[in-house]
Amino acid sequence: MDGDDVHGTVKLVSKEGDTFEVPIEIAKLSNLVVTTLGEDDDEDDMVEIPLPNVKATVLAKVIEYCTHYKQVETMTVITTPLKSNRIEEIVQEWYADFVNVNQTLLFELVTAANFMDIKALLDLTCLAVSVLIKGKSAEEIRRIFNISNDFSPEEEDQN
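The structure presented is a predicted model; accordingly, all values stated were derived computationally and were not measured.

(A) Quick look at unusual backbone geometry. Each neighbour pair has its own omega, and for threonine 80 with proline 81 the value is 0°, a cis peptide bond. Within the secondary structure layout, proline 81 lies in the loop between helix 4 (56-71) and helix 5 (93-98). Positive phi, close to 60°, is recorded for aspartate 117, a residue that is not glycine. Relative to the elements of secondary structure, aspartate 117 occurs in the loop between helix 6 (103-116) and helix 7 (119-133).

Below, the structure is given as structure tokens:
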């Protein structure tokens, strides 16, 4: 890591074309950013990284997460098997509150964390999804994930 990494910034561009200027040290929680910056090592210009799969509202939340993770407190590592079904007993309160969002935003955060390759955020959002579906029937899970039931009644009876 050279001296520019500590003070430099990178521009993350959302699906809608909104630009977020983020300190490189925070943006580097994303392996996608690390890989992209590695390709542009000889550039002195500010790097712009398009994120065509990430909406601006979701990107703002991702940046909020990364900023807290780097500047306030690192999230407790999520280990399996889970020691509890309650998120706040697995990670710190701020992180539990962070994923206490509507289902649509939660799924968009999972997708963004996966696309941007931010392991800790992907672990947290997947934990929140697992808590959401734990103890639900197959029909309830299909409804949550918007999956149609293509089993015939006979196939359904076999399960």
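From this point on, the discussion continues.
(B) Inspection of the sheet that holds strand 1 (residues 9-13) at higher detail. Reading across the sheet, the 3 strands line up as 2-1-3 and stay open at both edges, with mixed pairing between neighbours. The open sheet has two free edges, formed respectively by strand 2 (19-23) and strand 3 (48-50), since each of these has just one partner strand. Each strand axis lies, on average, 30° off the axis of its neighbour in the sheet, ignoring direction. Alignment of strand 1 against strand 2, held across 5 bridges, turns out to be antiparallel. From the neighbouring strand, valine 13 faces strand 2, where its bridge partner is threonine 19. Against the sheet, helix 4 makes contact with strand 1 and strand 2, and its axis sits at roughly 10° relative to strand 2, the strand it touches most.

(C) Local environment of the packing of helix 4 against helix 7. Contact geometry for helix 4 and helix 7: axes closest at 11 Å, N-to-C directions at 115°. Considering their axes alone, helix 4 and helix 7 lie roughly perpendicular with respect to each other. Relative to helix 7, the crossing made by helix 4 is right-handed. Across from Val62, Tyr65 and Tyr69 in helix 4, the residues of helix 7 making contact are Ala120, Leu121 and Leu124. Of the residues in the contact of helix 4 with helix 7, the class split is 6 nonpolar, no polar and no charged.

(D) Spatial organisation of the side chain of serine 14. Position of serine 14 among the secondary structure elements: in the loop between strand 1 and strand 2. Residue classification places serine 14 among the buried residues on the basis of a relative accessible area of 4%. Here the side chain of serine 14 touches glutamate 16 through a polar contact of 3.1 Å, side chain to side chain. When neighbours within four sequence positions are excluded, serine 14 is seen to be in contact with Phe20, Leu51, Val54, Lys55, Ala56 and Leu59.

(E) Quick peek at the packing of aromatic side chains. One pass over the structure, following the stated rule, counts 6 aromatic pairs. On the numbers, 5.6 Å between centres and 50° between planes, the contact of tyrosine 65 with phenylalanine 98 is tilted. Of this pair, tyrosine 65 sits in helix 4 while phenylalanine 98 sits in helix 5, and the two are 33 residues apart along the sequence. Judged by relative accessible area, tyrosine 65 falls into the buried class, the value being 0%. Consider the rings of tryptophan 94 and phenylalanine 98, whose centres lie 5.3 Å apart with planes at 20°: the pair is stacked. With tryptophan 94 and phenylalanine 98 both in helix 5 and 4 residues apart, this pair spans about one turn of that helix.

(F) Up close: the pattern of salt bridges. Counting across every chain of the model gives 7 salt bridges. In this structure, the salt-bridge partner of lysine 61 is glutamate 64, at a minimum N-O distance of 3.9 Å. Here the residue lysine 61 and the residue glutamate 64 both occupy positions in helix 4, the gap between them amounting to 3 residues, near one helical turn. Taking relative accessible area as the criterion, glutamate 64 reaches 36% and is therefore assigned partly exposed.

About the thresholds
- Residues numbered from 1 in each chain as written.
- Predicted model: local features only at pLDDT ≥ 70, side-chain atom pairs only at ≥ 80, totals over all residues.
- Heavy atoms only, no water.
- Helix = DSSP H or I, 4+ residues; strand = E, 2+ residues; numbered from the N terminus.
- Pairing = 2+ DSSP bridges.
- Axes fitted to C-alpha atoms, helices over the stretch in contact; angles between N-to-C directions.
- Contact = heavy atoms within 4.5 Å.
- Parallel < 35°, antiparallel > 145°, perpendicular 65-115°, else oblique.
- Left-handed = near helix turned anticlockwise from the far one by under 90°.
- Nonpolar A, V, L, I, M, F, W, Y, C, P; charged D, E, K, R; others polar.
- Buried < 20%, exposed > 50% of the residue type's maximum accessible area, 1.4 Å probe, protein only.
- Polar contact = N/O pair within 3.5 Å; in protein donor to acceptor, adjacent residues only side chain to side chain.
- Phe/Tyr/Trp six-rings, centres within 6.5 Å; stacked < 30°, edge-to-face > 60°.
- Salt bridge = Lys/Arg side-chain N within 4 Å of Asp/Glu carboxyl O.

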